[in-house]
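Here's the letter readout for the chains.
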Amino acid sequence: MLGTFPSKLKTTQDKLFAKLPVDKIVVWAYTIWIIPFFIGSLTLFGLYMSKEISLVLRAIGVIGLGISVLATSRFDKYTIMAYLWGLFSALIAVMSREYYLFDIALLMIAARSVDLRRLLKAFLVVTAILTSLTVGSAILNIIESPVFTTATRIRYALGFNWPSFLPHLFFFFTMSVVVVKKERFNHYWVIGFWTLNAIVYLFTDTRNAFYLSTLFLVFVWLFNTVAFFKKWVIKFSPLLIFSFVLASLSIILVSLFYDRVAVLEKVNLVLSNRLHLANNAFHEFGVTALGRPIKMIGNVSLHMEPSIKHGKYNYVDSAYIQILVIHGWLYFGMLITLLTLALRYLLSVKSYYWFFALVFVAIHAMVDPQLLMMWYSPLLLVVGKVFNGKGDSLSS
């Protein structure tokens, strides 16, 4: 009797969802979902977007993703794994009160059976339009464009909530374009994107994003033009499968013991006190299994909420340490495992551009917090392929 349940479930499911264009639903759901997060989290347009509109757009996106998940579910171990990941993410979202974690898990699961390049292209279109509107409105004084100054730096936000938001967004945008264009990303594209990268840097003075974007562009140029370099990199690429493991463990250990090594204290100064703040987070908040709600106060909070005293600044920039402290070591371990499996998958299907983009994401996450922020980039949605037993592939 129980043995017939899966086949009956599949028959009912086929009747309900057989004609649904799942790819289109996921692409449009992600497109609609990203808009309120992009506007509300990144730009000063968020001051004019009501919470009700934001929640409605988010709900439409989540419902669309949920329908696509139901339409592609099968009674197999991969679907069970996907559902367990979704349920566990929902639990951690409640425990940490960071409810977007459930949305992210749903995005990953929905992405398992669609052409990820369509999601990348949708992200690029939405990001190009919203970024152009934001920067253009700031230049034309339609929205505020604050300037942040210190004794040694002048930084322009260009319509974003903080000067670093645009350069980090451009870093992920650049990698997404490369993943789509692949070998067609020739030296003209490299020069054009590096020029834009330099212009963004001149206005925002955000070093980490500028250096990583430059390194990635040089890497892609060498990969696409120097046959020996490409052959050598591909040969040794299996060593990079554990990039997320190595990067996360490195920054955790360095943060824990930086004050005991003179060289690391100098590194901390270069990294704008990031290691010190991470070390404080471990001592102040500790690490739990299932996470807990923690209010991290950064520059945006200090700027938007004048009542908060500057001495309360405790923001941890490292995505790995944020996840470990806020979401707990169980979620941290599962996420790093999934990301490692995603890298292995990308290498198995010879999707080299996406593979190396994620390696750079692993490095970026050591000192910056955007890893799980899907409004910056959908590159992590390749995790969904871990939950797909059909062996869908991407072209290199």
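Residues numbered from 1 in each chain as written. Predicted model: local features only at pLDDT ≥ 70, side-chain atom pairs only at ≥ 80, totals over all residues. Heavy atoms only, no water.

Peer 1: When you look at the overall build of the protein chain in this model, what are you seeing that I'm missing?
Peer 2: For the protein chain, the helix and strand inventory stands at 16 helices and 2 strands. In summary, the protein chain has a C-alpha radius of gyration of 21 Å against a globular reference of 21 Å for 396 residues, a match within 12%. Its C-alpha atoms put the protein chain at 75 × 55 × 50 Å along the principal axes. By residue count, 52% of the 396 residues in the protein chain fall in the buried class. Taking all contacts inside the protein chain whose residues are at least 6 apart in sequence as the whole, residues at least 24 apart take part in 74%. As displayed, the protein chain offers around 19,000 Å² of accessible surface, 69% of which is attributable to carbon and sulfur atoms. (Helix = DSSP H or I, 4+ residues; strand = E, 2+ residues; numbered from the N terminus. Rg over C-alpha atoms; globule rule 2.2 N^0.38 Å. Buried < 20%, exposed > 50% of the residue type's maximum accessible area, 1.4 Å probe, protein only. Contact = heavy atoms within 4.5 Å. Areas by Shrake-Rupley, 256 points an atom, 1.4 Å probe, with all protein chains shown as cover.)

Peer 1: Would you mind going over the packing of helix 11 (residues 243-257) against helix 13 (residues 274-285) with me for this structure?
Peer 2: Helix packing geometry: the angle between the two helix axes and the distance between the axes. Running from amino to carboxyl end, helix 11 crosses helix 13 at an angle of 85°, the nearest separation of the two axes being 8 Å. The angle between helix 11 and helix 13 falls in the class roughly perpendicular. Contacts between helix 11 and helix 13 involve Ile251, Ile252, Val254, Ser255 and Leu256 from the former and Leu275, Ala278, Asn279 and Phe282 from the latter. Grouping the amino acids of the contact of helix 11 with helix 13 by side-chain chemistry returns 7 nonpolar, 2 polar and no charged. (Axes fitted to C-alpha atoms, helices over the stretch in contact; angles between N-to-C directions. Parallel < 35°, antiparallel > 145°, perpendicular 65-115°, else oblique. Nonpolar A, V, L, I, M, F, W, Y, C, P; charged D, E, K, R; others polar.)

Peer 1: Even after reading the chapter, I still don't get a nonpolar patch on the surface, so can you show me in this structure?
Peer 2: Residues Val147, Ile154, Tyr156, Leu196, Ile199, Leu202 and Phe203 make up a contiguous nonpolar surface patch of about 640 Å² in total accessible area. When residues of the nonpolar patch are traced back to their parent elements, those giving at least two are strand 2 (154-156) and helix 8 (187-204). Residue position: Leu196 is located in helix 8. (Patch = residues over 30% accessible without salt bridge, like charges linked within 9 Å, V, L, I, M, F, W, Y side chains within 5 Å. Salt bridge = Lys/Arg side-chain N within 4 Å of Asp/Glu carboxyl O.)

Peer 1: Honestly, the nonpolar core in this entry has me stumped. Any pointers?
Peer 2: General note: in soluble globular proteins, nonpolar side chains tend to be found buried as a group. Grouped together as the largest cluster of nonpolar side chains are 130 residues, with contacts concentrated most on Trp85, Phe244, Tyr320, Leu358 and Leu371. At 18 residues, the largest contribution of residues to this core is made by helix 15 (residues 319-348). Residue contacts for Leu371: discarding those within four places in its chain leaves Phe244, Ala319, Tyr320, Ile323, Leu335, Leu339, Val361, Ala365 and Leu380. (Core = buried A, V, L, I, M, F, W, Y, C linked by side-chain atoms within 4.5 Å.)

Peer 1: Help me understand empty space enclosed by the protein, please; the structure alone is not making it clear to me.
Peer 2: Vacant regions in the atomic arrangement are exposed by a probe of water-molecule size rolled over the atoms. Tallied over the entire structure, the rule returns 4 cavities of 30 Å³ or more. Taken as a whole, the largest cavity encloses approximately 60 Å³ of empty space. Along the walls of the largest cavity sit Phe172, Val361, Gln370, Leu371, Met373, Met374, Tyr376, Ser377, Leu379 and Leu380, which together make up its complete lining. (1 Å grid on protein atoms, 1.4 Å probe; cavity = no way out; pocket = protein on both sides within 12 Å on 5 of 7 lines; lining within 4 Å. Points joined across faces, edges and corners; volume = space filled by probe spheres on them.)

Peer 1: I'm lost on helix 15 in this one. Help?
Peer 2: Along its 30 residues, helix 15 runs just 27 Å from first to last C-alpha, ending more than 12% under the 44 Å computed at 1.5 Å per residue. With 22 of 30 residues buried, helix 15 lies mostly within the body of the structure. Just past helix 15, the residue Lys350 takes up positive phi, approximately 60°. (Expected span 1.5 Å × (residues − 1).)

Peer 1: Looking at this structure, how should I read the pattern of salt bridges?
Peer 2: Charged atoms that come close allow side chains of opposite charge to pair. Summed over all chains, the structure comprises 6 salt bridges. Residues Arg58 and Asp103 are paired through a salt bridge, measuring 2.7 Å at the closest nitrogen-oxygen approach. Taken together, the positions of Arg58 in helix 3 (residues 51-72) and Asp103 in helix 5 (residues 100-110) put the pair 45 residues apart, joining distant regions of the chain. We classify Asp103 as buried; its relative accessible area is 3%. Note that Asp205 is salt-bridged to Arg153, the shortest N-O span being 2.8 Å. Here the residue Asp205 occupies a position in the loop between helix 8 and helix 9 (207-225), and Arg153 occupies one in the loop between strand 1 (147-149) and strand 2, the gap between them amounting to 52 residues. There is no split in this pair, since Asp205 and Arg153 are both buried. One network of salt bridges, with partners in common, ties together Arg274, Asp317 and Asp368.

Peer 1: Explain the environment of Lys312 here, please?
Peer 2: Within the secondary structure, Lys312 sits in the loop between helix 14 (299-304) and helix 15. On the accessibility criterion, Lys312 (52% relative accessible area) is exposed. Separated by 15 residues in sequence, Lys312 and Ile297 have C-alpha atoms that sit 6.8 Å apart.

Peer 1: So what exactly am I meant to see when it comes to the layout of surface pockets here?
Peer 2: Empty space within the second largest pocket amounts to approximately 390 Å³. In this structure, the second largest pocket is lined by 18 residues; those nearest its centre are Thr131, Val135, Leu166, Phe170 and Val200. Among the secondary structure elements, those contributing two or more residues to the lining of the second largest pocket are helix 6 (116-139), helix 7 (165-181) and helix 8. The leading source of residues in the lining of the second largest pocket is helix 6, at 7 residues. Here the lining of the second largest pocket is composed, by residue class, of 14 nonpolar, 4 polar and no charged.

Peer 1: Sorry, what's going on with unusual backbone geometry here?
Peer 2: A negative phi holds for most residues other than glycine; trans holds for most peptide bonds. A positive phi is found at Ser272, a non-glycine position, where the angle reads about 55°. Position of Ser272 among the secondary structure elements: in the loop between helix 12 (262-270) and helix 13. Classification of Ser272 as partly exposed rests on a relative accessible area of 39%. Positive phi, normally seen in glycine, also occurs at Asn273, with a value near 70°.

Peer 1: Explanation requested: the packing of aromatic side chains in the structure shown.
Peer 2: Counted by the stated rule, this structure contains 29 aromatic pairs. On the numbers, 4.9 Å between centres and 15° between planes, the contact of Phe37 with Trp375 is stacked. Remark: Trp375 occurs in the segment after helix 16 (352-364) and Phe37 occurs in helix 2 (residues 22-42); sequence separation between them is 338 residues. Take Phe37 and Trp375: they sit in the same class, and that class is buried. Arranged with centres 5.7 Å apart and planes meeting at 70°, the rings of Phe219 and Phe229 form a pair that is edge-to-face. Placement of the pair is Phe219 in helix 9 and Phe229 in helix 10 (residues 227-236), with a sequence separation of 10 residues. (Phe/Tyr/Trp six-rings, centres within 6.5 Å; stacked < 30°, edge-to-face > 60°.)

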